[in-house]
Amino acid sequence: MVAVAVIGAAGGIGQPLSLLLKLTPGISRLSLYDIVNIPGVATDISHINTNSLVECHVGQSQLSNALRGINIVVISAGVARKPGMTRNDLFSINASIVHELIEAVADTCPKALVAIITNPLNSTVPIAAHVLKSKNCYDPKRLFGVTTLDSIRASRFVRDIHGIDAIELRVPVVGGHSGNTIVPLLSMATPRVDLSQKEMEDLVQRIQYGGDEVVKAKDGAGSATLSMAYAGARFTSSLVRAVGGAQVTESALVPLAADPQGAHQIRRLGAGSLDFFAVPIELGKTGTLRIVPLEAKPNVLELKAIDIAARALKDNIAQGVKYVSDSNRPVH
């Protein structure tokens, strides 16, 4: 059985995510942590009649206890995007939160699989990688940025226009996890979907900016918390199954060093020398077993989108790396 910690469990994503994980088979211990409001959430969820044990940890002093003995850490802590908030606004707040939490992971459960939800993901995942490197416990196979929501949106939005079973439909999504860094490979959907050029262009636009659609609909009251919680629960469930011995395929933003040989294909297609890129991966007990090869060459529209994504992602990654470098610089 598997021990899972949700860090940020009292938040807009953390609460529904914790609820869904309480319903997830294979989890024996569910450790819920936040800096405030977690006792009520944990007590409420603990009454659900599944077999996992729910633990409550509140405040910085209890963070190490929340992480002790954990197999999978899911980080959803941080602020959500609000109308008018730029990516840099989000970064300035959430970068320090992820930095601090990953330091605690490195100190307490360095062998855990770490799934990051906190945005901006294109920068927070590199931050996590470089903090783990500084702590001498970095394993690129064990670090993931959760991009599952992009795949979920792709399946659902295709169903909206073609009536296909959204649960069975799988659309590989590569690149990053914001705006034009999100590249859904609709030409490789399984089962195959025949889309016109106009349908494909409209779908790509909607998948890339689906978060804006939710922020606007909530009229300032929040962002995509419920669908993101579902996506986070699906990815975590896949990790749980993998730790239990199953081999599962998901897309995620990962260090390409997790499978240097498998990364050759996406590098040739446009990722180039980038250290991080969202790709389909096969999961196992120790994290990423391999990068799953794309079954065909992307079409012209998709190749162009990969090139655009790579250029934007390069800057996002550099921002995260610079943040860690600046944080580690001695103060005179």
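The shown structure was predicted, so the numbers you read here are calculated from the model rather than taken from an experiment.

Engineer: Quick rundown of the overall build of the protein chain? Include the residues and the values.
Structural biologist: Secondary structure summary: the protein chain contains eleven helices and eleven strands in total. Computed over the C-alpha atoms, the radius of gyration of the protein chain is 19 Å, within 12% of the 20 Å expected from 2.2 N^0.38 for a compact globule of 332 residues. Projected onto its principal axes, the C-alpha coordinates of the protein chain cover approximately 55 × 55 × 45 Å. Across the 332 residues that make up the protein chain, the buried fraction comes to 53%. For the protein chain, the proportion of contacts with a sequence separation of at least 24, taken over those separated by at least 6, is 74%. Of the roughly 14,400 Å² that the protein chain leaves accessible, carbon and sulfur atoms contribute 53%. Within the protein chain, one finds 32 positive and 28 negative side-chain charges whose respective centroids are separated by 4 Å.

Engineer: Summarise the environment of arginine 68; cite the residues concerned and give the values.
Structural biologist: Within the element layout of this structure, arginine 68 appears in the loop between helix H3 (63–67) and strand E4 (72–75). Take arginine 68: its relative accessible area is 45%, and that puts it in the partly exposed class. With 186 residues separating them along the chain, arginine 68 and valine 254 place their C-alpha atoms 24 Å apart. Those residues within four positions of arginine 68 in sequence are excluded, and the remaining contacts are Arg29 and Thr108.

Engineer: Account for helix H4 (residues 87–108), naming residues and giving values.
Structural biologist: Over its 22 residues, H4 extends 31 Å from the first C-alpha to the last, a length consistent with the 32 Å expected when each residue adds 1.5 Å. Of all the bends in H4, the greatest, near 30°, is centred on asparagine 94. Taken as a whole, H4 has its buried residues at Leu90, Phe91, Asn94, Ala95, Val98, His99, Leu101, Ile102, Ala104, Val105 and Ala106. Tucked inside the fold, the buried residues of H4 contact strand E1 (2–7), H3, E4, strand E5 (113–116), helix H5 (121–134) and helix H11 (300–328).

Engineer: Before we move on, could you go through the packing of helix H1 (residues 14–22) against helix H2 (residues 38–46) and cite the residues and values that matter?
Structural biologist: Contact geometry of H1 with H2 gives a least axis separation of 10 Å together with a crossing angle of 25°. When the axis of H1 is compared with that of H2, the two are roughly parallel. Between H1 and H2 lies a crossing whose hand is right-handed. Facing H1, whose interface residues are Gln15, Ser18, Leu19 and Lys22, H2 presents Val41, Ile45 and Ser46. Of the residues in the contact of H1 with H2, the class split is three nonpolar, three polar and one charged.

Engineer: How would you summarise the environment of aspartate 326 if you had to cite specific residues and measurements?
Structural biologist: Residue placement: aspartate 326 occurs in helix H11. In this structure the side chain of aspartate 326 is engaged in a polar contact, spanning 2.7 Å, whose partner is the side chain of lysine 322.

Engineer: Describe in detail the state of the cysteines, supporting the description with residues and values.
Structural biologist: Inspection of the entire model under this criterion finds zero disulfides. Take cysteine 56: it sits in no disulfide, and the sulfur closest to it among the cysteines is that of cysteine 109, at 18 Å. A residue is classified by how much of its surface remains accessible, and cysteine 56, at 34% relative accessible area, is partly exposed. By relative accessible area, which is 6% here, cysteine 109 ends up buried.

Engineer: Give me unusual backbone geometry: which residues, what numbers.
Structural biologist: Looking along the chain, the bond that leaves asparagine 119 and enters proline 120 is cis, with omega of 0°. Following the sequence through the fold, proline 120 ends up in the loop between E5 and H5. With an omega of 0°, the peptide bond running from threonine 190 to proline 191 counts as cis. One can find proline 191 in the loop between strand E8 (182–184) and helix H7 (197–208). Phi at asparagine 37 is positive, roughly 65°, even though this residue is not glycine.

Engineer: If you had to explain the pairing of strand E11 (residues 287–291) to someone new, which residues and values would you point to?
Structural biologist: Inspection of the sheet shows strand E10 (residues 276–284) paired to E11 by four bridges, in the antiparallel sense. Each bridged residue has a counterpart across the sheet, and for glycine 284 the counterpart in E11 is glycine 287. In this structure, the hairpin formed by E10 and E11 is closed by a connection of two residues.

Engineer: Describe H11, with residues and values.
Structural biologist: With 29 residues, H11 should cover 42 Å at 1.5 Å per step; its first-to-last C-alpha distance of 43 Å lies within 8% of that length. Considered for burial, the residues of H11 that qualify are Glu302, Ala305, Ile306, Ala309, Ala310, Leu313, Asn316, Ile317, Gly320 and Val324. The inward-facing, buried residues of H11 abut H4, H5, strand E7 (173–175), E8, helix H10 (264–271) and E10. The opening residue of H11, the one whose side-chain oxygen lies 3.2 Å from the backbone nitrogen of leucine 301, is asparagine 299.

Engineer: Could you give me a rundown of the packing of H1 against helix H9 (residues 226–243), with the residues and numbers involved?
Structural biologist: Two numbers describe how H1 lies on H9: the axes approach to 8 Å, and their chain directions differ by 40°. Like other packed secondary-structure pairs, H1 and H9 cross with a definite hand, here right-handed. Each of Pro16, Leu17, Leu20 and Leu21 in H1 lies in contact with H9, whose residues at this interface are Leu226, Ala229, Tyr230, Gly232, Ala233 and Thr236. Within the contact of H1 with H9, the residues separate by chemical class into eight nonpolar, two polar and no charged.

About the cut-offs
- Residues numbered from 1 in each chain as written.
- Predicted model: local features only at pLDDT ≥ 70, side-chain atom pairs only at ≥ 80, totals over all residues.
- Heavy atoms only, no water.
- Helix = DSSP H or I, 4+ residues; strand = E, 2+ residues; numbered from the N terminus.
- Rg over C-alpha atoms; globule rule 2.2 N^0.38 Å.
- Buried < 20%, exposed > 50% of the residue type's maximum accessible area, 1.4 Å probe, protein only.
- Contact = heavy atoms within 4.5 Å.
- Areas by Shrake-Rupley, 256 points an atom, 1.4 Å probe, with all protein chains shown as cover.
- Lys, Arg positive; Asp, Glu negative; His and termini not counted.
- Charge placed at Lys NZ, Arg CZ, Asp CG, Glu CD.
- Expected span 1.5 Å × (residues − 1).
- Bend = angle between axes of the 7 residues up to and from the residue.
- Axes fitted to C-alpha atoms, helices over the stretch in contact; angles between N-to-C directions.
- Parallel < 35°, antiparallel > 145°, perpendicular 65-115°, else oblique.
- Left-handed = near helix turned anticlockwise from the far one by under 90°.
- Nonpolar A, V, L, I, M, F, W, Y, C, P; charged D, E, K, R; others polar.
- Polar contact = N/O pair within 3.5 Å; in protein donor to acceptor, adjacent residues only side chain to side chain.
- Disulfide = S-S within 2.5 Å.
- Pairing = 2+ DSSP bridges.

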